[in-house]
Amino acid sequence: MNQNVLKVLSEIPDDVKLIAVTKKRSVSEILDVYHSGIKDFGENRVQELLQKQPLLPSDVKWHLIGHLQTNKVKYIASFIHLIHSVDSLKLLLEINNQAKRCNRTIDCLLQVYIAKEETKFGLDTDELDTILSSSVLKDLQNIRITGLMGMATFSDDLNLIRSEFRSLKSIFNQIKSTYFIDNNYFTQISMGMSSDYHIAIEEGSTIVRIGTALFGKRD
Ligand SMILES: *Cc1c(COP(=O)(O)O)cnc(C)c1O
């Protein structure tokens, strides 16, 4: 049993899902974690995901956690388990089209911009409202919006990180009680990485995306 997996699993509650983030990791490193019982893996780039997916067991659930370009959806639509990083209606429409072509439904999270950094992707609350109130949304039979995702500022300021996670939880509650009031699958908040997952869990995370704490430092 991989000791890092044991340690991280011991620190997260049973109802929080651990996604092992495999970017820049070798297949053998990933298999070691897989054989410790982890089946959910996340990549932030489509190209790297496509290289690894055929080399790993077929019961792996793949998560796309980085920015997704519309023209790349077709490559992952047949197998992707959850797309964490949806940041436009255009992307949602394309995911629906490609999911339909594959005869499946793809679960998606809307990525919300909560950090104080220009470099991060994501929607602000006005953009969220625009998407969620769009009349075309109800026609998208091959996607499900199952929650929200966010990334905190890369910072040592734990209060700042906490307040950003808290704001995501509050946006989640607000959306759930309006747009998803009659819905039982809008349940997920993907927040927390190696440096901040303890705080994220305290603030209501249901999915943590962890690389470094499982695999060690990336080059
Ligand atoms: C790389 C990455 C992670 C994991 O980061 P660690 O600090 O290595 O745990 C989580 N989420 C996203 C979107 C990432 O790109």
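Scroll up to find the structure.
Model, not experiment: these values are computed from the prediction. (Residues numbered from 1 in each chain as written. Predicted model: local features only at pLDDT ≥ 70, side-chain atom pairs only at ≥ 80, totals over all residues. Heavy atoms only, no water.)

> Which residues make up unusual backbone geometry, and what are the values?
Even without being a glycine, Lys24 presents a positive backbone phi close to 65°. Mapping Lys24 onto the fold places it in the loop between β1 (17–21) and α2 (27–34). Residue classification places Lys24 among the exposed positions, given a relative accessible area of 60%. Phi is positive for Asn103, close to 60°, though the residue is something other than glycine. By the secondary structure assignment, Asn103 is in the loop between α5 (89–101) and β5 (106–112). (Helix = DSSP H or I, 4+ residues; strand = E, 2+ residues; numbered from the N terminus. Buried < 20%, exposed > 50% of the residue type's maximum accessible area, 1.4 Å probe, protein only.)

> Residue-level account of the environment of Asp40, with values.
Along the chain, Asp40 falls in strand β2 (residues 40–43). Spatially, the C-alpha atoms of Asp40 and Lys61 are 4.8 Å apart, while their sequence positions differ by 21 residues. What Asp40 contacts, discounting residues up to four positions off in sequence, is Lys17, Leu18, Ile19, Ala20, Lys61, His63 and His81. Engagement of the side chain of Asp40 in a polar contact is seen with the side chain of Lys17, the distance being 3.3 Å. Side chain to side chain, Asp40 and His63 meet in a polar contact 2.7 Å long. (Contact = heavy atoms within 4.5 Å. Polar contact = N/O pair within 3.5 Å; in protein donor to acceptor, adjacent residues only side chain to side chain.)

> Let's hear about the pattern of salt bridges: which residues, and what values?
For the coordinates displayed, the defined rule picks out eleven salt bridges. Between Glu203 and Arg162 there is a salt bridge whose closest N-O contact spans 2.7 Å. Taken together, the positions of Glu203 in the loop between α8 (197–202) and β8 (207–210) and Arg162 in helix α7 (residues 158–176) put the pair 41 residues apart, joining distant regions of the chain. Residue Glu203 is classed as buried on the basis of its relative accessible area, which comes to 10%. Of the charged contacts in the structure, one is a salt bridge between Glu203 and Arg166, with a shortest N-O distance of 2.9 Å. Here the residue Glu203 occupies a position in the loop between α8 and β8, and Arg166 occupies one in helix α7, the gap between them amounting to 37 residues. One connected set of salt bridges, linked through shared partners, spans Arg162, Arg166, Glu202 and Glu203. (Salt bridge = Lys/Arg side-chain N within 4 Å of Asp/Glu carboxyl O.)

> Provide a residue-level description of a negative patch on the surface, including the pertinent values.
Taken together, the side chains of Asp124, Asp126, Glu127 and Asp129 present a region of like negative charge at the surface. By secondary structure assignment, the location of Asp124 is in the loop between β5 and α6 (125–132). (Patch = residues over 30% accessible without salt bridge, like charges linked within 9 Å, V, L, I, M, F, W, Y side chains within 5 Å. Areas by Shrake-Rupley, 256 points an atom, 1.4 Å probe, with all protein chains shown as cover. Lys, Arg positive; Asp, Glu negative; His and termini not counted. Charge placed at Lys NZ, Arg CZ, Asp CG, Glu CD.)

> Describe the packing of aromatic side chains, with residues and values.
Each aromatic ring pair is described using two quantities: the centre-to-centre distance and the angle formed by the ring planes. Under the definition given, this model contains three aromatic pairs. When the ring of Phe172 is compared with that of Phe186, the centres are 4.9 Å apart and the planes differ by 10°; the resulting orientation is stacked. Of the two residues, Phe172 sits in helix α7 while Phe186 sits in the loop between α7 and β7 (188–190), which places them 14 residues apart along the sequence. Taking the relative accessible area as the measure of exposure, Phe172 reaches 5% and is therefore buried. Among the residues examined, Phe186 registers a relative accessible area of 0% and is labelled buried. Measuring from centroid to centroid gives 4.1 Å for Phe180 and Phe186, while their planes differ by 5°, and the two rings are stacked. (Phe/Tyr/Trp six-rings, centres within 6.5 Å; stacked < 30°, edge-to-face > 60°.)

> Report on the site of the ligand, specifying residues and quantitative values.
With respect to spatial proximity, the complete set of residues near the ligand consists of Val21, Lys23, Asn44, Ile65, Met151, Met193, Ser194, Arg209, Ile210, Gly211, Thr212 and Arg218. Interatomic distance of 2.8 Å between a backbone N/O atom of Gly211 and an oxygen atom of the ligand. Arg218 has a polar side-chain atom sitting 2.8 Å from an oxygen atom of the ligand. In isolation the ligand has 390 Å² of accessible area, and contact with the protein removes 92% of it. Across the shell around the ligand, the residue classes tally to five nonpolar, four polar and three charged. (Near = heavy atom within 4 Å. Nonpolar A, V, L, I, M, F, W, Y, C, P; charged D, E, K, R; others polar.)

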